[in-house]
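Architecture at a glance
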Amino acid sequence: MKEVEAKENLRFKIRHSAAHVMAEAVLNLFPGTKVGIGPPTNDGFYYDFDCSEAFTAEHLKKIEKEMKRIIKSQKKFSGVSVSRKIAREKFKDQKYKLEIIDGIPEEEEITIWNHETWEDICRGGHVESTNQIPAFKLLDVAGAYWRGNEKNPMLQRIYGTAWESKDALKSYLSKLEEAAKRDHRKLGTSLELFYFDPMAPSMPFFYPKGAKLLNLLMDYMRQKYQYYEYQEVMTPQIFDSKLWDLSGHSEHFKENMFFTETENRTMGLKPMNCPAHYLIFRSQLHSYRDLPVRLADFGRLHRNERSGVSHGLTRVKSFSQDDAHIFCRFDQIEDEIKAFLSLLEEIYQDFGFEEPLYHLSLRPKERSGTDQVWDESEKIMKKILDNSNKKYLVQEGEGAFYGPKIDVMIPDAIGREWQLGTVQLDFFAAKKFKLNYFSNESQKQEPIVIHRAIFGSLERFLGILIEHYGGAFPFWLSPTQYILIPISENQFSYCDKVNKELSKFGLRGNVDKTSDRLNAKIRKAQLNKTPLMIICGDKEVDSDSLTIRFRDGENVSNIKTNALNILNNDPIKIKDDETLLKLLKP
RNA sequence: GCCUCGGUAGCUCAAUGGCAGAGCAGCUGAUUUGUAAUCAGCAGGUUGUGGGUUCAACUCCCUCCCGGGGCUCCA
């Protein structure tokens, strides 16, 4: 652990130093540029510049060259502590730096770090000399508001990466390449899963294979719902805007909603399911014996995101969720959250995700509900996480105004973190929507509402899965599980017969009857990452058997068609190709 | 929304002011093949949209649309 920390610390210093060197290089090449901030990041560093010229890829090359010159000249880093007055004097031409100086509390010391030819207000954390920046590369330039506030001027942010060795840099760059290859937007096109059309911007159209995947995800979730006693409901798409006034969406979410007028009424497209579920709950009487009530909904949601934030499937304007709301008594919270977390971990395991990291968000400054309710519920959530030995971080003040929440972070196959599941307590909904149940003394009581999701948005989850699997879905999720490949026309009818039998077993696939040669058919199936290529020539027809090529290139012969029936016994168990091979290899 | 880069055939990409092209995919024909591309022919375009400059615009200028990168990991 210590070693890891030391390494991270060194990387931090290298990156922070590289940011300073980059700032000097930019000022040398573009005199008069105003500088913003330049921190190290998880993978590299950036620095913000206010320069009249727009930086291009050519400029980045020049800046890199200048940085290399500075690095070679072995400038020593050192820091001094200075008075406010001196600091202001030194940076009198740097308006952003002056703002930073003025923002530093009186009692705090101001330190300036320099590497001889350049100085910066800086807390420190640098290597000793510029030549201790062994490997770096500038990656990209992008716009960034000063201090992230869109009322402030837009600066140009140059992103770079820096590492302790050339090899480390190289492996980072190849990781980026690997990620680019797995980009779900690319694979979405080449695997024919979905596309976007300007006629409905940022709203995905799913081709049959993409729709199959979404349906498989829903089928899977419905099975879990059955076991975990959720009840699926279906609710309308548009609601009278009075509902959104009541829910508070009109006040807080209006910019993100679509509205339509009809017969002098304003109707709003739902951006969330919760209010609809409250209406359902409210429409019937509930006894304390009936609780918890768990309402699940795959309804389509629309959110009018600001243009410029959409990204493939991971940020869209039209999507559905594995959304559910649990209405329960206060004393049921603990069991409900426990059950939810166990369901969630069970599900992530089925998709081959590693252990999640939990973020526990506690009471924010502005909140509803009494302190007593917050005390107790936060205690419950902590207890659950502690008792089950889960890895978690506490985020003070990050909870929703209506209750504390747990968000779930998941690392994918190439180590990137995604926020997927969430579970949020809500002490507010019942009051607002007049939800109640009858207690054992026949008194009206307000239920606690628990908002929860595991996939989050199905579209986004699919995007993450595409990248997680690199497009090679496990057998149970593959839209096309097999391709029957007749070697010549002579085996067409045999293939048709086998195809019918396999589809009786519930397997998905088809016969490749093109006039391509075997090689080409295999190549096509491989590029589509089809799990099973079932090859039929005269040999197979004569022995009434099949030869199966797996997508890793492995072959198994003399398989009877009936043997494939076991693939549909418990398909979710077939999480990887190894399991698949073992099942079919005699 | 804002900054910036981009948009050429279904896909991947050429052509930088002077006749819009290639590979793959598609179609037609031939071939019937044993583990990652058979051969030949044909067809495919209002160069995102609308306007402007020019003898001439994919190319230069403006408008809009769509997409990519990003918009505190806080000196």
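Right above here is the structure, for reference.
Everything in this summary refers to the structure shown in the same document. (Residues numbered from 1 in each chain as written. Chains lettered and ligands numbered in written order. Predicted model: local features only at pLDDT ≥ 70, side-chain atom pairs only at ≥ 80, totals over all residues. Heavy atoms only, no water.)

A look at the overall build of chain A
The helix and strand inventory of chain A stands at 18 helices and 29 strands. Considering only C-alpha atoms, chain A reaches an extent of 90 × 75 × 55 Å along its principal axes. When each of the 586 residues of chain A is scored for burial, the buried share is 51%. Of the contacts formed within chain A by residues at least 6 apart in sequence, a portion of 70% connects residues at least 24 apart. Here chain A has roughly 29,800 Å² of accessible surface; of this, 49% comes from carbon and sulfur atoms. (Helix = DSSP H or I, 4+ residues; strand = E, 2+ residues; numbered from the N terminus. Buried < 20%, exposed > 50% of the residue type's maximum accessible area, 1.4 Å probe, protein only. Contact = heavy atoms within 4.5 Å. Areas by Shrake-Rupley, 256 points an atom, 1.4 Å probe, with all protein chains shown as cover.)

Examining the protein's contact with RNA strand B
The full set close to RNA strand B counts 54 residues, and I121, Y145, S307, E489 and R523 are the nearest of them. One nitrogen or oxygen atom from the side chain of N555 is found 2.7 Å from a base nitrogen belonging to RNA strand B. Every element with two or more residues in the surface near RNA strand B is listed here: α4 (95–103), β4 (110–114), β6 (135–145), β7 (154–163), α16 (518–527), α17 (538–543) and β28 (546–550). With seven residues, the single largest contributor to the surface near RNA strand B is α16. (Near = heavy atom within 4 Å. Polar contact = N/O pair within 3.5 Å; in protein donor to acceptor, adjacent residues only side chain to side chain.)

Concerning the packing of aromatic side chains
Per the counting criterion, the structure on display carries 30 aromatic pairs. When the centroid spacing of 5.2 Å and the interplanar angle of 65° are considered together, the rings of F30 and F55 count as edge-to-face. In this pair, F30 is assigned in the loop between α1 (2–29) and β1 (34–35) and F55 in the loop between β2 (45–50) and α2 (57–72), connecting sequence segments 25 residues apart. Here F30 matches F55 in class, with each residue buried. Within the aromatic cluster, the residues linked to one another by ring pairs are Y220, Y348, F351, F353, F455, F461 and W476. Looking at R157, its charged tip hangs above the ring of Y46, at a distance of 3.7 Å from the centre. Here K254 stacks its cationic end above the ring of F259, 5.9 Å away from the centre of that ring. (Phe/Tyr/Trp six-rings, centres within 6.5 Å; stacked < 30°, edge-to-face > 60°. Lys NZ or Arg CZ within 6 Å of the ring centre and 35° of its normal.)

Structural notes on the packing of helix α7 (residues 208–227) against helix α14 (residues 458–469)
Relative orientation of the contacting elements α7 and α14 amounts to 110°, with a least axis distance of 11 Å. Here α7 lies roughly perpendicular to α14, going by the angle between them. Within the contact between the two elements, α7 uses G210, L213, L214, L217 and M218 and α14 uses L458, E459, F461, L462 and L465. When the residues that make up the contact of α7 with α14 are grouped by side-chain class, the tally is eight nonpolar, one polar and one charged. (Axes fitted to C-alpha atoms, helices over the stretch in contact; angles between N-to-C directions. Parallel < 35°, antiparallel > 145°, perpendicular 65-115°, else oblique. Nonpolar A, V, L, I, M, F, W, Y, C, P; charged D, E, K, R; others polar.)

Thoughts on the side chain of E66
The topology assignment puts E66 in helix α2. Sequence-distant contacts of E66, that is, excluding residues within four places in its chain, are made with A25, N28 and L29.

Looking at the packing of α7 against helix α11 (residues 333–350)
The geometry of α7 relative to α11 is characterised by a closest axis approach of 12 Å and an angle of 145° between their N-to-C directions. In the packing of α7 onto α11, the handedness of the crossing is right-handed. Only L343, E346, I347 and D350 of α11 make contact with α7, whose side of the interface consists of Y220, M221 and K224. Taken together, the residues of the contact of α7 with α11 break down into four nonpolar, no polar and three charged. (Left-handed = near helix turned anticlockwise from the far one by under 90°.)

Observations regarding the sheet that holds strand β18 (residues 357–361)
The eight strands are arranged β10-β14-β17-β24-β21-β20-β18-β19 in an open sheet whose pairing can be described as mixed. Of all strands in the sheet, those with a lone pairing partner are β10 (231–232) and β19 (392–395), marking the two edges. Inspection of the sheet shows strand β20 (residues 405–411) paired to strand β21 (residues 417–426) by six bridges, in the antiparallel sense. By the bridge assignment, I410 is partnered in β21 with W418. On the sheet, helix α12 (residues 371–387) packs against β18, β19, β20 and β21 and is oriented at approximately 165° with respect to β18. (Pairing = 2+ DSSP bridges.)

A closer look at unusual backbone geometry
What is expected of a backbone is that most residues other than glycine have negative phi and most peptide bonds are trans. The residue after L291, namely P292, is reached through a cis peptide bond having omega -5°. Relative to the assigned elements, P292 resides in the loop between α10 (274–282) and β14 (293–297). The residue E192 is not glycine, and still its phi comes out positive at about 55°. One non-glycine residue, S202, adopts positive backbone phi at about 60°. Of the residues examined, S202 reaches a relative accessible area of 16% and is grouped as buried.

Everything listed here is a matter of coordinates, which is why it stays silent on function.
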